[in-house]
Structures are given as C-alpha cells and as structure tokens.
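Coordinate analysis (summary)
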Amino acid sequence: MTDRNLTFLIVHGAWTGGWSWERVLNRLHAGGHRAYAPTLTGLCERRHLA
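Keep in mind that what you see is a predicted model, and the values were worked out from it rather than measured.

Procedures and definitions
Residues numbered from 1 in each chain as written. Predicted model: local features only at pLDDT ≥ 70, side-chain atom pairs only at ≥ 80, totals over all residues. Heavy atoms only, no water. Helix = DSSP H or I, 4+ residues; strand = E, 2+ residues; numbered from the N terminus. Polar contact = N/O pair within 3.5 Å; in protein donor to acceptor, adjacent residues only side chain to side chain. Patch = residues over 30% accessible without salt bridge, like charges linked within 9 Å, V, L, I, M, F, W, Y side chains within 5 Å. Areas by Shrake-Rupley, 256 points an atom, 1.4 Å probe, with all protein chains shown as cover. Salt bridge = Lys/Arg side-chain N within 4 Å of Asp/Glu carboxyl O. Buried < 20%, exposed > 50% of the residue type's maximum accessible area, 1.4 Å probe, protein only. Core = buried A, V, L, I, M, F, W, Y, C linked by side-chain atoms within 4.5 Å. Contact = heavy atoms within 4.5 Å.

1. Concerning the side chain of His-12
Following the sequence through the fold, His-12 ends up in the loop between strand S1 (7-9) and helix H1 (22-30). In this structure the side chain of His-12 is engaged in a polar contact, spanning 3.0 Å, whose partner is the backbone oxygen of Thr-16. A distance of 3.0 Å separates a polar atom in the side chain of His-12 from the backbone nitrogen of Leu-40.

2. Details of a nonpolar patch on the surface
A grouping of Leu-9, Val-11, Tyr-36 and Leu-40 is seen on the molecular surface, where their side chains present a nonpolar patch of about 410 Å² in accessible area. Considering the arrangement of structural elements, one finds Leu-40 in the segment after strand S2 (34-36). Overall, Leu-40 belongs to the partly exposed group, its relative accessible area being 36%.

3. With respect to the environment of Asp-3
Along the chain, Asp-3 turns up in the segment before S1. Taking C-alpha positions, Asp-3 is 9.6 Å from Gly-32, a pair spaced 29 residues apart along the chain.

4. A look at the nonpolar core
Formed by Ile-10, Leu-25, Leu-28, Ala-35 and Ala-37, the largest nonpolar core amounts to five residues. Among residues more than four places away in sequence, those in contact with Leu-28 are Phe-8, Ile-10, His-33 and Ala-35.

The structure is reproduced here in structure tokens:
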C-alpha cells in the first residue's frame, strides 16, 4: 500500500451502470482512495434522459 491516496473515475460499459462497480468502489474507499462510477446519461436507468 502506498502513502498517497489516488482518485479513480470508472466509466461503465454500454449495458450496465455505475452501480455495477459498487464492490470495486467499496474496496477503493476502504483503501483510502476517492473513486467515482457515475451512470452516464442515456444509458441503463438514465436511458429516458437520452
């Protein structure tokens, strides 16, 4: 483990959403990192916003 905290931005694939990265996000947060996995507009549960 390093002494520095990193920031991660995870972009999901076409048929999933940011929610599919929840387990990975939890592990990154537990390691002291910042991590984000937003659901992109027009995909998955946000498809009505396309």
